[in-house]
Amino acid sequence: MDIKKQISARMDKTVAALVEALGKIRSGRAHGGLLDNIMVNCYGSDMPLAQLATVSVSDARTLTVMVWDKQNAAAAEKAIRDSDLGVNPAASGLNIRVTMPDLSEERRRDLGKVVGREAEEARIAVRNIRRDAVAEVKTAVKDKEIGEDEGRRLEQEIEKSTKEAVGKIDKLATDKQQELMTV
C-alpha cells in the first residue's frame, strides 16, 4: 500500500503551507514575501503587486518596489500604504521605497500569538491526516486486504511520520517566535 507515501506528501504540503504563512508574518527584517498578498487596483480590477512590479530587498529594513508602468505607481503606493503591514511607502517616479519600522514589544507579542495559532492549525491538519490514514489502514485490515501485522506496521509508520511533521512544525514556530522577539 502506498498510504505512507500519500500521508508523507500531505504532511509535507501542510508544513510547506505553514512555512508560507509564517513568511508573511512581518518581523523586523525586510523580505520580498511581505508584499505578496498586496492587491493593487489597476486596469479596472485587483491584481497582485508581483504582476505589476519587481520587489527587491535594498537592505535589512528596506524594500524597493519598481513599478513597470507609470500609470500604476500611485495605485501600488496606495495599496502598500493601505495594507495591514503598518508601513509608509515613499514614491519617486517608478520606484517605491518601503522602510520597515521597528516593531513595538506589544506588536511582537501579538505576532507571536499569530505564529502560535498558525502552528496549531498545522498540527491539527497533520493529526487529521493521521486519523484518516489510520482509518484507511483499519478498513483495509477489516476487509482482509492486508494482514493485521502489516496493519500494525503501517500504523507505526503513520505515527512516526506524524511525529516528524509535528516536530518540524514546532521548530518552525519556535524559530519564527525567536525571530520576532529579536530586537
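In this report, the structure presented in the accompanying data block is examined. Values in this document were obtained by computation on a predicted structure and should not be read as measured data.

### Structural notes on the overall build of the chain
- Within the chain one finds four helices and six strands.
- Taking 16 Å as the expected radius of gyration for a compact globule of 183 residues, we find that the chain reaches 22 Å, considerably beyond that expectation.
- Taking the principal axes of its C-alpha atoms as reference, the chain extends roughly 70 × 40 × 20 Å.
- Considering the chain as a whole, with its 183 residues, one finds that 36% of them fall into the buried category.
- Residue pairs at least 24 apart in sequence account for 63% of intrachain contacts in the chain once pairs closer than 6 positions are excluded.
- Of the roughly 10,700 Å² that the chain leaves accessible, carbon and sulfur atoms contribute 50%.
- Once the 31 positive and 31 negative side-chain charges of the chain are each reduced to a mean point, those two points are 2 Å apart.

### What about unusual backbone geometry?
- With phi around 65°, lysine 144 is a residue other than glycine that occupies positive phi space.
- Mapped onto the secondary structure, lysine 144 falls in the loop between α3 (105-142) and α4 (148-181).
- The class of lysine 144 is exposed, set by a relative accessible area of 74%.

### Describing the side chain of arginine 123
- With respect to the helices and strands, arginine 123 occurs in helix α3.
- Beyond its immediate stretch of four places on either side in the chain, arginine 123 contacts Val166, Ile169 and Asp170.

### Focus: the sheet that holds strand β5 (residues 90-92)
- Read from one edge of the open sheet, four strands run β3-β4-β6-β5, paired in antiparallel fashion. Bordering the open sheet on either side are β3 (53-59) and β5, each of which pairs with just one other strand. Averaged over neighbouring strand pairs, the angle between their axes works out to 25° when direction is ignored.
- Across the sheet, helix α2 (residues 70-82) lies against β4 (62-67), β5 and β6 (95-99), angled at about 10° from β6, the strand it touches most.

### With respect to the nonpolar core
- Counting residues in hydrophobic clusters, the biggest one holds 26 residues, and the most contacted among them are Ile7, Ile158 and Ile169.
- At the level of secondary structure, the elements contributing two or more residues to this core comprise α1 (3-23), α3 and α4.
- No other element matches the 10 residues that α3 contributes to this core.
- With sequence-adjacent residues up to four places away left out, isoleucine 169 is seen in contact with Val15, Leu18, Ala119, Ala122, Arg123 and Val126.

What counts, and where the lines are drawn
Residues numbered from 1 in each chain as written. Predicted model: local features only at pLDDT ≥ 70, side-chain atom pairs only at ≥ 80, totals over all residues. Heavy atoms only, no water. Helix = DSSP H or I, 4+ residues; strand = E, 2+ residues; numbered from the N terminus. Rg over C-alpha atoms; globule rule 2.2 N^0.38 Å. Buried < 20%, exposed > 50% of the residue type's maximum accessible area, 1.4 Å probe, protein only. Contact = heavy atoms within 4.5 Å. Areas by Shrake-Rupley, 256 points an atom, 1.4 Å probe, with all protein chains shown as cover. Lys, Arg positive; Asp, Glu negative; His and termini not counted. Charge placed at Lys NZ, Arg CZ, Asp CG, Glu CD. Pairing = 2+ DSSP bridges. Axes fitted to C-alpha atoms, helices over the stretch in contact; angles between N-to-C directions. Core = buried A, V, L, I, M, F, W, Y, C linked by side-chain atoms within 4.5 Å.

Geometry only, nothing functional implied.
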